[in-house]
Amino acid sequence: MPDRSTSAPDSPTGSAVGAPLVRIRGLRFGYTRRRLVYDGIDLDIVRGQVTAIMGPSGTGKTTLLRLIGGQWRPNAGTIVFDGVDIHRQSRRGLYALRKRMGMLFQNGALLSDLSVFENVAFPLREHTRLPESMIRDLVLLKLDAVGLRGARDLSVSALSGGMGRRVALARAIALDPEMVMYDEPFTGQDPISMAVLMRLIRTLNDALGLTSIIVSHDVAEVMSIADRVYIVSGGKVVSHGTPAEVRSSTEAHARQFLRGEHDGPLPFHYPAPPLDEDLGLSRRAAAA
Amino acid sequence: MNHLFGTLAGILAGLGRATLFLFQLVTALPYVLLRPGIFLRQLYMVGVLSLVIIVVSGSFVGMVLGLQGYRTLSEFGATSSLGVFVALTVIRELGPVVTGLLFAGRAGSALAAEIGLMRATDQLSGMEMMAVDPLRYVAAPRFLAGFIAMPLLTAIFSVMAIGVAGGYLIGVTLLGVDPGAFWSQIHADVHPDDILQSMIKALVFGVTISWIAVYQGYHAAPNSEGVSRATTTTVVASSLAVLGLDFVLTAFMFR
């Protein structure tokens, strides 16, 4: 059962800040019919806030971002972005919605045949008719924001993983979207880059009036910048609320995940028969 | 029996998806004209970078034909027909077919691997999330470049095999065939229809190879095994398609 000690998604405490930009209701999704990744979750992404989606590996956090982006279709339920049901849109309508979203992929997803500059300029060239001089200025400003203005002429292959993600972030905000989705933004970052990125995500969100969704395993970092946290496990939202509320949650899954405890309802092992059975120990003992 | 029907249904479904993909590619072609830079870059990648293998192969195929043809024709005292022998063999068959096979190995595999790798590294997903259709931006320019490059490469292969290396170098320079007879017989017996039909074959092979390569890359599983499988399937399927289509086209054209 989800931890309802905190505010329920259908009555967000953030109503003072703004209505939900993304409203998810009864979402069911599975790669196969038998194994559901999401089994009827409700979730609100409140406008103007940084919302963190956390949970153990394999719970479908990245999948949720792809569902919100309309790349995959749910088996049931709705995802509504600013009053528009994402999965009832034509391709033209969906692309119009995506221009209002930015997404930072886990591996950057930079175009390997373009330079750093051209990668950030790509959405501007595709979706605007800005003069070249303005595109140059905008790209340099975005790259400066992530600390990579000096790397503008490098090829993508010359970037480290962390630098690549920062370039991808500059590209994600190139069109000044309303919402940015970050998929594991802190993975592979050194402490300095991580601190800068955390500050950047928060600053961008507040200064530009963005709405941010962060999917991450980095509990301490994400909790420090998020306004709202959802913990998903086993296809359900098991806890949600402000970071302080989630931290004090008594829900077993949330407690185990946040504290990194070995014992609890979240198994470390993938479902398997007992080890002695797999090793045939009982058979060997009987034979002996 | 059920397994057989399942396999057959799977093949038919795959063909259906590939045909639908071809339709989508064709409808995306007008957008390629809006981005001539991308198209020209792809034409360079699949066309210009294939030149070395085409020129070298054309030369060797021509030289072998010159030697074999001279040996056979000399038994009938007809060595003056060496030019037309080499020309018709290359223009009607070896030009488009060998170019097609080489093109599948060089450019087809590169196309499939490149697009497959873009799929595996989320570059295509990234484009979709930036509201840019990867079918228009990635697949269509490569498809168009492929089927425009094939007839050009076939023409270069044929020129190398007949004029520069094959007929002339071996027949005239090395074996002493009269150059006047060599060229006049080509002029008399090679008709514009032969060249047109050769170009039609090259165009059909170009469409087929590019279609298979782009489809395999675009629908590759997003991992290293998927890229490897897409590349291998492209070369095998394209080569078989070239040989099969060559038979069908020859049966219709040269009756």
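Some words on unusual backbone geometry
Residues and elements named next belong to chain A.
1) Next: Even without a glycine there, the phi angle at Asp-82 is positive, about 50°.
2) Next: Summarising the element assignment, Asp-82 is placed in the loop between β4 (76-81) and β5 (84-85).
3) Next: The backbone of Glu-184 shows a phi angle near 50°, a positive value even though the residue is not glycine.
4) Next: Inspection of the secondary structure puts Glu-184 in the loop between β7 (179-183) and α6 (191-207).
5) Next: Overall, Glu-184 belongs to the partly exposed group, with 18 C-beta atoms counted inside 10 Å.

Here we look at helix α7 (residues 166-174) of chain B
1) Next: Residues of α7 of chain B that are buried: Gly-166, Gly-167, Tyr-168, Ile-170 and Gly-171 of chain B.
2) Next: Gly-176 of chain B, located one to two residues past α7 of chain B, shows a positive phi value of around 85°.

Structural notes on the sheet that holds strand β8 (residues 211-215) of chain A
Residues and elements named next belong to chain A.
1) Next: Here 6 strands make up an open sheet; going across it, the order is β6-β7-β8-β3-β9-β10 and the pairing mixed. Either end of the sheet is taken by a strand with one partner, and the two such strands are β6 (101-104) and β10 (236-241). The sheet shows a mean angle of 15° between the axes of neighbouring strands, direction not considered.
2) Next: Here α6 sits on the sheet and contacts β3 (50-54), β7 and β8; the angle it forms with β3, its principal contact strand, is near 135°.

Regarding the nonpolar core
In a soluble, globular protein the nonpolar side chains are often hidden away together inside.
1) Next: One finds Val-167 and Met-181 of chain A together with Val-214 of chain B to be the most contacted residues of the largest nonpolar core, which totals 141 residues.
2) Next: The dominant element in this core, judged by the number of residues it contributes, is helix α4 (residues 82-120) of chain B, at 19 residues.
3) Next: Once residues lying within four places of it in the same chain are set aside, the contact partners of Val-214 of chain B are Leu-25, Leu-111, Ile-115, Ala-139, Arg-142 and Phe-143 of chain B.

What counts as what
- Residues numbered from 1 in each chain as written.
- Chains lettered and ligands numbered in written order.
- Predicted model: local features only at pLDDT ≥ 70, side-chain atom pairs only at ≥ 80, totals over all residues.
- Helix = DSSP H or I, 4+ residues; strand = E, 2+ residues; numbered from the N terminus.
- Buried ≥ 20, exposed ≤ 12 C-beta atoms within 10 Å, placed from the backbone.
- Pairing = 2+ DSSP bridges.
- Axes fitted to C-alpha atoms, helices over the stretch in contact; angles between N-to-C directions.
- Contact = placed C-beta atoms within 7 Å.
- Core = buried A, V, L, I, M, F, W, Y, C linked by C-beta atoms within 7 Å.

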